[in-house]
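Residue-level structure breakdown
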Amino acid sequence: RKEVEQDPGPFNVPEGATVAFNCTYSNSASQSFFWYRQDCRKEPKLLMSVYSSGNEDGRFTAQLNRASQYISLLIRDSKLSDSATYLCVVTLFMDSNYQLIWGAGTKLIIKP
Amino acid sequence: SQTIHQWPATLVQPVGSPLSLECTVEGTSNPNLYWYRQAAGRGLQLLFYSVGIGQISSEVPQNLSASRPQDRQFILSSKKLLLSDSGFYLCAWSVQSGSHAAFFGQGTRLTVV
């Protein structure tokens, strides 16, 4: 079982729609949670951290459910420029250091 | 502010040739440093990480090596490249204390021919 799992997609969504991704993690000791965005042939870029109380940044809302061990990302009023791969990451303290555990990413395609 | 530089952006190398990719971080001290590889359409594979000068942890067996000669410099090397070494190589850094996100360089797209 993968430590961090994401639906690979692609999610084909019309412009203006709302889209939601989930990401599940296997280790209950996971400490921090993040969403990254990766455009084609580019490096991943931090989109937002995910806090226990949930957090919002403009059209983006991230939530954490520790009991069920998943994080979610909601994108409202999607734009063509939101097309990208979205990666979730959790951190875990192992071998005396915090390790970053990456999901494989969910591809999002926004269609006009 | 912190910045990370990685070069070159693209590289085409023949099989059996050596490799050296360099990454430097500015604006922070004693960062964690990482080398990742990403095959086309796949997720990130952690190759090496370092918590300090001369301290390298290898995550997967391979013909690559990494070195950290200075606090903010991380180098990925190979003595003889294989076709299977082709991919997108990404350097990243994170703050060492606590649980923090990582920040990436622009990446190097390596094609071994």
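Scroll up a little and you will see the structure.
The paragraphs below set out a description of the structure included in this document. Remember, it's a predicted structure, so these values are computed and weren't measured experimentally.

A few words now on the state of the cysteines. Cysteine pairs can be covalently joined through their sulfur atoms, and such a bond is termed a disulfide. Residue and element names in this part refer to chain A. Summed over the entire model, instances satisfying the criterion amount to two disulfides over all chains. Here Cys23 is linked by a disulfide to Cys88, with a sulfur-sulfur distance of 1.7 Å. Of note, the bridge from Cys23 to Cys88 carries an S-S torsion of about 45° and is right-handed in sense. With Cys23 in strand S3 (residues 19–25) and Cys88 in strand S9 (residues 84–94), this residue pair connects regions lying 65 residues apart in the sequence. Judged by relative accessible area, Cys23 falls into the buried class, the value being 0%.

Moving on: the sheet that holds strand S3 (residues 19–26) of chain B. Residues and elements named next belong to chain B. Spatially, S1-S3-S8-S7 is the arrangement adopted by the four strands of the open sheet, whose pairing is antiparallel. This sheet does not close on itself; its edge strands, each paired only once, are strand S1 (3–7) and strand S7 (64–70). Going from strand to strand, the sheet's axes swing by 15° on average, the running direction of each strand aside. Of the pairings in the sheet, the one linking S3 to strand S8 (residues 73–78) comprises six bridges and is antiparallel in character. Paired with Leu19 across the two strands is Ser78, which belongs to S8.

Moving on, we get to the pairing of strand S5 (residues 44–52) of chain B. All names here are of chain B. Counting buried positions along S5 yields eight of nine residues, so the element is predominantly enclosed. The sheet contact formed by strand S4 (residues 32–38) and S5 spans six bridges and is antiparallel. Bridging from a neighbouring strand, Leu33 pairs with Ser50 of S5. Connecting the antiparallel pair S4 and S5 is a turn made up of five residues, with Gly41 showing a positive phi of about 70°. As judged from the three bridges shared by S5 and strand S6 (residues 55–58), these two strands associate in the antiparallel manner. Residue pairing across strands places Tyr49 opposite Ser57, the latter belonging to S6.

Definitions and limits used
Residues numbered from 1 in each chain as written. Chains lettered and ligands numbered in written order. Predicted model: local features only at pLDDT ≥ 70, side-chain atom pairs only at ≥ 80, totals over all residues. Heavy atoms only, no water. Disulfide = S-S within 2.5 Å. Helix = DSSP H or I, 4+ residues; strand = E, 2+ residues; numbered from the N terminus. Buried < 20%, exposed > 50% of the residue type's maximum accessible area, 1.4 Å probe, protein only. Pairing = 2+ DSSP bridges. Axes fitted to C-alpha atoms, helices over the stretch in contact; angles between N-to-C directions.

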